[in-house]
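# Tertiary structure, described
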Amino acid sequence: METSIKSVVLKLNTDKPVRKTPYQVKGVFIRHFKNELIVPMLNGSNRYKFLYPRVQVKILNEQIYIIGLKEGLIPVISIAEKVKKLDFGNITFDVQSFELLESKNDFISTKQVITYSFLTPWIALNHMNQGMYNKSNRTEQRLFLNKLIGQNIVFLANELNLSLEKNIYTKLEISELSPKKVDEKNWGSFEGGFKTNCILPNYIGLGNGITRGFGSIYF
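Since this is a predicted model, take the numbers as computed values, not measurements.

Conventions and cut-offs
- Residues numbered from 1 in each chain as written.
- Predicted model: local features only at pLDDT ≥ 70, side-chain atom pairs only at ≥ 80, totals over all residues.
- Heavy atoms only, no water.
- Buried < 20%, exposed > 50% of the residue type's maximum accessible area, 1.4 Å probe, protein only.
- Helix = DSSP H or I, 4+ residues; strand = E, 2+ residues; numbered from the N terminus.
- Pairing = 2+ DSSP bridges.
- Phe/Tyr/Trp six-rings, centres within 6.5 Å; stacked < 30°, edge-to-face > 60°.
- Contact = heavy atoms within 4.5 Å.
- Patch = residues over 30% accessible without salt bridge, like charges linked within 9 Å, V, L, I, M, F, W, Y side chains within 5 Å.
- Areas by Shrake-Rupley, 256 points an atom, 1.4 Å probe, with all protein chains shown as cover.
- Salt bridge = Lys/Arg side-chain N within 4 Å of Asp/Glu carboxyl O.
- 1 Å grid on protein atoms, 1.4 Å probe; cavity = no way out; pocket = protein on both sides within 12 Å on 5 of 7 lines; lining within 4 Å.
- Points joined across faces, edges and corners; volume = space filled by probe spheres on them.
- Nonpolar A, V, L, I, M, F, W, Y, C, P; charged D, E, K, R; others polar.
- Axes fitted to C-alpha atoms, helices over the stretch in contact; angles between N-to-C directions.

### Observations regarding the pairing of strand E2 (residues 55-60)
Here E2 lies mainly inside the structure; 6 of its 6 residues are buried. Side-chain alternation along E2 places Val55, Val57 and Ile59 on one buried face and Gln56, Lys58 and Leu60 on a second face that is also buried. Across 6 bridges, the pairing between E2 and strand E3 (residues 63-69) is antiparallel. The partner of Val55 across the bridge, within E3, is Gly68. In this antiparallel pair of consecutive strands, E2 and E3, the connection spans 2 residues, and Asn61 shows a positive phi of 50 degrees.

In structure tokens, the structure reads:
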């Protein structure tokens, strides 16, 4: 098994703030860059091949971020210089410059404890676990969520065929245990962050709704 993985973050600097959803941005790429390697990573054709998306699109501070992991690395790098404008029909964004940030030491354990913040809400509760969570007391709820964030990290490691130390430390840091409802699915989300002894790539998503930009982390 691999002990580390490269990740890449492509940040597109546009001429005006981007007030679009990740789905809308992906739609533009799918329509206008049909022959590029990134399209199969965005259009759902790899949904059953990769349980965890190898390319993720985020809108953070009204700017576009595209994250590539493992099989998504080359597709993201290869598109960087080709994106000159993004035409949404009702508005067009000129890409004035881009930043390509590579990381070579992700998904490895460390002796240090690293604090991560959720840049977008972490959707921990879905229709399968929400009922049980609501019936639990506050102590049980905190223990449940703390265990869940650890499971999110282990899932990533297994999905990406990586080797992490057996003793993964996690401590969730959220101030509010009452979940905020998200869209028509009524998912339960939380804000805050967590501590762990694993090095994780910035901007990747944890939990539910990753393809919609939820659960984005940063340290």
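### Focus: the packing of aromatic side chains
Under the definition given, this model contains 12 aromatic pairs. Judged by centre distance (4.8 Å) and plane angle (35 degrees), the rings of Tyr65 and Tyr203 are tilted. Linking Tyr65 in strand E3 with Tyr203 in the loop between strand E11 (193-199) and strand E12 (217-218), this pair joins segments that are 138 residues apart in sequence. Using a relative accessible area of 11% as the deciding quantity, one classes Tyr203 as buried. Measuring from centroid to centroid gives 6.2 Å for Trp122 and Phe190, while their planes differ by 45 degrees, and the two rings are tilted. Note that Trp122 is positioned in strand E7 (residues 122-125) and Phe190 in strand E10 (residues 187-190), a separation of 68 residues in sequence. When its relative accessible area of 0% is taken as the criterion, Trp122 is described as buried.

### Quick notes on the environment of Leu10
Topologically, Leu10 is positioned in strand E1 (residues 5-14). Residue Leu10 is classed as buried on the basis of its relative accessible area, which comes to 0%. As for Leu10 and Met132, which are separated by 122 residues in sequence, their C-alpha atoms are 39 Å apart. Apart from residues lying up to four places away in sequence, Leu10 is in contact with Ile64, Tyr65, Ile66, Val76, Ile79, Ala80, Phe98, Glu99 and Leu100.

### A word on a nonpolar patch on the surface
Together, Ile77, Phe98 and Leu100 give the surface a local cluster of nonpolar side chains, amounting to about 210 Å² of exposed area. With respect to the secondary-structure elements, Phe98 resides in strand E5 (residues 92-106). A residue is classified by how much of its surface remains accessible, and Phe98, at 33% relative accessible area, is partly exposed.

### Remarks on the side chain of Asn46
Residue placement: Asn46 occurs in the loop between helix H2 (39-42) and E2. Note on Asn46: relative accessible area 17%, which makes it buried.

### So, the environment of Thr211
Along the chain, the position of Thr211 falls in the loop between E11 and E12. Using a relative accessible area of 36% as the deciding quantity, one classes Thr211 as partly exposed. Thr211 sits 155 residues away from Gln56 along the chain, and the two C-alpha atoms are 6.3 Å apart. The residues touching Thr211, leaving out its near neighbours within four places in the chain, are Pro22, Tyr23, Lys26 and Pro53.

### Things to note about the layout of surface pockets
Volume-wise, the largest pocket comes out at about 860 Å³. Lining the largest pocket we find 38 residues, and of these Leu51, Tyr52, Pro53, Ile210 and Thr211 sit closest to its centre. Elements with a contribution of two residues or more to the lining of the largest pocket: helix H1 (22-32), H2, E2, E7 and helix H5 (138-159). Residue contributions to the lining of the largest pocket peak at 5 residues, all from H5. Per-class residue counts for the lining of the largest pocket are 20 nonpolar, 13 polar and 5 charged. Of the volumes computed, that of the second largest pocket is approximately 160 Å³. If you trace the second largest pocket, you find it lined by Lys20, Thr21, Pro22, Lys58, Ile59, Thr120, Arg212, Gly213 and Phe214. Residue composition of the lining of the second largest pocket, grouped by class: 3 nonpolar, 3 polar and 3 charged.

### Thoughts on the sheet that holds E7
With antiparallel pairing, the 3 strands of this open sheet are ordered in space as E7-E10-E9. Taken across any chain shown, the strands that pair with only one partner, and hence form the sheet edges, are E7 and strand E9 (180-182). The average undirected angle you get between the axes of adjacent strands in this sheet is 50 degrees. Where E9 lies against E10, 3 bridges are found, and the strand directions are antiparallel.

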